[in-house]
Amino acid sequence: MNVPWKPIKETSRVGADAAVHDDMLAAIGGLSPEQACAKLRSAPEGLSEAEAADRLREIGPNLVARERKATIGEELWSRARNPLNALLLTLAIVSYFLGDVRAALVIATMVVLAISTAFFQEHRSNEAAARLRAMVHTTASVRRGRSQSDDPFAEVPIDCLVPGDVVRLSAGDMIPADLRLLEAKDLFVNQSALTGESMPAEKHAQASLAPCEDSLDLPNLCFMGANVVSGYGTGVIVRTGAKTFFGHLAHEIVGQRVQTAFDRGVNRFTWLMIRFIIVMVPAVFLINGLTKHDWLEALLFAVAVAVGLTPEMLPMIVTVNLAKGAIAMSRKKVIVKRLNAIQNFGAMDVLCTDKTGTLTQDRIILKRHIDVEGNDSEKVLQYAFLNSHFQSGLRNLLDKAVLAHAELDQALRIDGGYAKVDEIPFDFIRRRLSVVVTREDGKHLLICKGAVEEIFAVCSSYCLDGKMGQLDPTHFERARDETIALNSDGFRVVAVAFKEIDPAKTAYSVEDERELTLLGYIAFLDPPKESAREAIAALSLKGVQVKVLTGDNEVITRKICHEVQLEPGEILLGSRIAQLDDSELAEAAGRTTVFAKLTPDQKERVVRALHARGHVVGFLGDGINDSPALRAADVGISVDTAVDIAKESADIILLEKSLLVLQEGVIEGRKVFANITKYIKMGASSNFGNMFSVLGASLFLPFLPMAPIQVLTNNLLYDFSQTAIPTDNVDEEYLASPRKWDIGNIFKFMVFIGPISSIFDYATYAMMLFVFDSWTNPALFQTGWFVESLLTQTLIIHIIRTAKIPFIESHASPAQIATTVIICTIGMTLPFTWAGSALGFVPLPWQYWPLVAAMMVTYALLTHLVKVWFTRRWGL
């Protein structure tokens, strides 16, 4: 195909009810498959490689806005865009127009410090994640100018797809672009991300001539952002990237992520501080204006107090902590798709996981193929091989284990002796899959394999040594005992059945899966992981309970759990869950460790039930049946070998499927939470205390307690000392249990710890006024309070950062100690320098230093004692 590519003109209308009508899509839907290909300058055999390359150059990669790498400018803007920075910049502008250029520069420097530090760390995190993400390839099966004789499809990266490409769809695939179906067999697609409709929609390839108000309802079109639930098909791509319907909605969809308790808590704290400012600043302005009669100076001081009360480093502390955690996880080959997932790791107290590949090695081996009496049977293996070979859906590990017997390909003369007629795809309700093939004698042979109970339900006879017999209850009992025996030895058992059908029939459906003949069973072994036992024990020590949610039966699940020393207790089955309402399930989920024979919807229900009991839930899964639960969990975790929909639904992708990595993620999450909480508690208590100190000083002093530029300098130096908090060490005891956001605890901490700083501020006032007689020497008073305030604020972080005795039982990080020493040194020497003179400071008398040292020791001791009492009562 060398016809020049010309994009089709697009016209669309969005109604008030959010229904989308697209004239171009409606026109494509009304054409036959052949006409649709011609309209798109393509053909059923697809584009040539050269034509695809030309279109890719012209149209660009198949990426929506949210997948595009942000530019440096966009990253900087994302860090600058928050209410605290807006408030500070407003105050800087006010200071500038009031004539205080130095104050404006100091405020602007604070903003630049916060934004640049956060940007640097997040940029490093994004780069590390991008390097790892390059190792995870999401592809689509594409037919490009290949002959129909050999396999016409090849795997192509999704971002290289172009309009006119012909793609193959099967269960578990994400729809890679907006496309028109050319073929479809029992194809059901989940479009909930686009329409909000939870039930899968059935799709077909026939022309749709009926009028349709909403293009998303066209039965022969599939849209990017949807995923295949069951069945298979092929389609020709109509639109890619930002021109898809999903691309138009990308920004809106991304913005719909529900805020976590952590997000809400940080926002509540931010607005709490802003409310403090709204109350404090007018009060400070009025008091100083009325008592000192210099309204301009009072206004500048009020602006400086507003800056001092603003927790301007909070966005930086949060971002840098999260980014630092993401970088640490990237070294473990873990891709963090959403930074807040790191914090949710720390809060997680329940980890739900599938059994296969997590507790087991994910290295399935076909060990036995037996008839209905338990004897080895080559025919059972042959029929299982035919089923796995001809099925076109997602080939799971069981299929791959069967197909590993490549010698059967020649023995059965697959290419010459058999030809595929039709297929009845797998779904999680029937839990079986059938293919129909034609034999050399012309007869059709339906071969069905699936879960033992579901195969039994559609069988009426058995075949043993070539002889047929009617199944009766004794056969079912014997088969059940044989299956239980195999399950008890750790084998996964799949039943195989067949039926000969008259060749006149050309189309098959689920209705044909009846009156089958049971042939036998195939048994697979998936040994437990050696690391699973250690990982479960480690997670338990960290307060994380592991729960197993599996589609397997209870016998084999119990066997694997015992081998990894996870006590299963009473196993809750899917059939029982179906009978429970949400409240009953929540109660049962709390006391149950293992859930077996679950459907995808039941896995999601269990996760939501655990949420209802107040748990923070993580879910580890890699299959089609795991995607609903991955979305419902606080932390969705998948692996790079997972199906597309699982990777898309996850917050975190592991390049190695290991519970040990998750245990390390839990620790990183708790470190992140601890260091963010340190800053918040420090900021909240400090600001609460400063509120009393500033109001009192404004009432009784005949001059300002500190000049506006001095307040701002104090705040700038203090901010610098806090930049090392993300590097700080965290006590092992703090990491031992899950950590959740508790605004009530922070408020109580603020109320009990904050006033202590005010006590010592007033003690400093008294010292400066009555010991050093600074009633008539404002510069001396301001210098004394500046130094005391800076030293106490900078040192007190070492008291608040740990529940232990600081410097003795718990040590801060070298970076935290270094910034403390640097800022304290600057604070003590500044009054003796030319810079200090420019800021209005004067040298302090030598008698000041032993007095302020004694005050600091007393302050630290009192704060520590109150902290110990507080921790014993409410926890730190």
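Anyway, here's the lowdown on the structure attached to this text. (Residues numbered from 1 in each chain as written. Predicted model: local features only at pLDDT ≥ 70, side-chain atom pairs only at ≥ 80, totals over all residues. Heavy atoms only, no water.)

## So, the nonpolar core
Residues Ile637 and Leu654 are the most contacted members of the largest nonpolar core, which totals 162 residues. At 17 residues, helix H26 (residues 659-700) tops the list of elements feeding residues into this core. Membership of the second largest hydrophobic core comes to 27 residues, among which are Tyr383, Tyr418, Cys463 and Phe498. (Core = buried A, V, L, I, M, F, W, Y, C linked by side-chain atoms within 4.5 Å. Buried < 20%, exposed > 50% of the residue type's maximum accessible area, 1.4 Å probe, protein only. Helix = DSSP H or I, 4+ residues; strand = E, 2+ residues; numbered from the N terminus.)

## Some details on empty space enclosed by the protein
According to the stated counting rule, one finds 5 cavities of 30 Å³ or more in the structure shown. As a volume, the largest cavity reaches approximately 340 Å³. As for the largest cavity, its lining consists of 25 residues, of which Gly308, Leu309, Asn690, Asn715 and Gln793 are closest to the centre. Sorting the residues of the lining of the largest cavity by element identifies helix H10 (295-309), H26, helix H27 (708-722) and helix H29 (778-800) as the ones contributing at least two each. (1 Å grid on protein atoms, 1.4 Å probe; cavity = no way out; pocket = protein on both sides within 12 Å on 5 of 7 lines; lining within 4 Å. Points joined across faces, edges and corners; volume = space filled by probe spheres on them.)

## A closer look at the environment of Thr713
As for its position among the elements, Thr713 is in helix H27. You can call Thr713 buried: its relative accessible area is 11%. In this structure the C-alpha to C-alpha distance between Thr713 and Phe786, which are 73 residues apart in sequence, comes to 9.3 Å.

## Describing the pattern of salt bridges
Summed over the entire model, instances satisfying the criterion amount to 28 salt bridges. We note a salt bridge from Arg144 to Asp165, for which the minimum N-O separation is 2.7 Å. Placement of Arg144 in the loop between strand E3 (139-143) and strand E4 (153-157) and of Asp165 in the loop between E4 and strand E5 (166-170) is noted, with a sequence separation of 21 residues between them. You can call Arg144 buried: its relative accessible area is 11%. (Salt bridge = Lys/Arg side-chain N within 4 Å of Asp/Glu carboxyl O.)

## Quick notes on the packing of aromatic side chains
Applying the stated criterion across every chain yields a total of 22 aromatic pairs. Consider the rings of Tyr765 and Trp785, whose centres lie 5.3 Å apart with planes at 75°: the pair is edge-to-face. With Tyr765 in helix H28 (residues 743-771) and Trp785 in helix H29, this pair connects stretches of sequence that are 20 residues apart. Per residue, the accessibility class of Tyr765 equals that of Trp785, and both read buried. Linked through ring pairs, Phe700, Phe703, Tyr762, Tyr765, Phe781 and Trp785 together constitute an aromatic cluster. Sitting above the plane of the Tyr508 ring, Lys505 keeps its charged end 5.4 Å from the centroid. Note that Lys681 overlies the ring of Phe749, its terminal NZ or CZ placed 5.1 Å from the centroid. (Phe/Tyr/Trp six-rings, centres within 6.5 Å; stacked < 30°, edge-to-face > 60°. Lys NZ or Arg CZ within 6 Å of the ring centre and 35° of its normal.)

## Description of unusual backbone geometry
Positive phi, normally seen in glycine, also occurs at His293, with a value near 60°. One can find His293 in the loop between helix H9 (261-292) and H10. Its relative accessible area of 64% is what places His293 among the exposed residues. Non-glycine residue Gln565 carries a positive phi angle of around 60°.

## Re the side chain of Lys867
Assignment of secondary structure puts Lys867 in helix H32 (residues 848-874). Nearest to the buried, unbridged Lys867 among oppositely charged side chains is Asp731, at 7.7 Å. Within the structure, the side chain of Lys867 is placed 2.8 Å from the backbone oxygen of Thr802, a separation counted as a polar contact. Here Lys804 takes part through its backbone oxygen, which lies 3.1 Å from a polar atom of the side chain of Lys867. (Lys, Arg positive; Asp, Glu negative; His and termini not counted. Polar contact = N/O pair within 3.5 Å; in protein donor to acceptor, adjacent residues only side chain to side chain.)

## Considering the packing of H28 against H32
The N-to-C vectors of H28 and H32 enclose an angle of 165°; their axes lie 11 Å apart at closest approach. As judged from the angle between their axes, H28 and H32 are roughly antiparallel. Here H28 and H32 pass one another in a crossing that is right-handed. Looking at the contact of H28 with H32 residue by residue, the class counts come to 18 nonpolar, 5 polar and 2 charged. (Axes fitted to C-alpha atoms, helices over the stretch in contact; angles between N-to-C directions. Parallel < 35°, antiparallel > 145°, perpendicular 65-115°, else oblique. Left-handed = near helix turned anticlockwise from the far one by under 90°. Nonpolar A, V, L, I, M, F, W, Y, C, P; charged D, E, K, R; others polar.)

## Section: helix H23 (residues 600-612)
Taking 1.5 Å as the rise per residue, H23 with 13 residues should run 18 Å; its terminal C-alpha atoms sit 19 Å apart, in good agreement. Looking at H23, one finds that the buried residues are Pro600, Gln602, Lys603, Val606, Val607, Ala609 and Leu610. Directly after H23, the chain includes Gly614, whose backbone phi takes a positive value near 90°. (Expected span 1.5 Å × (residues − 1).)

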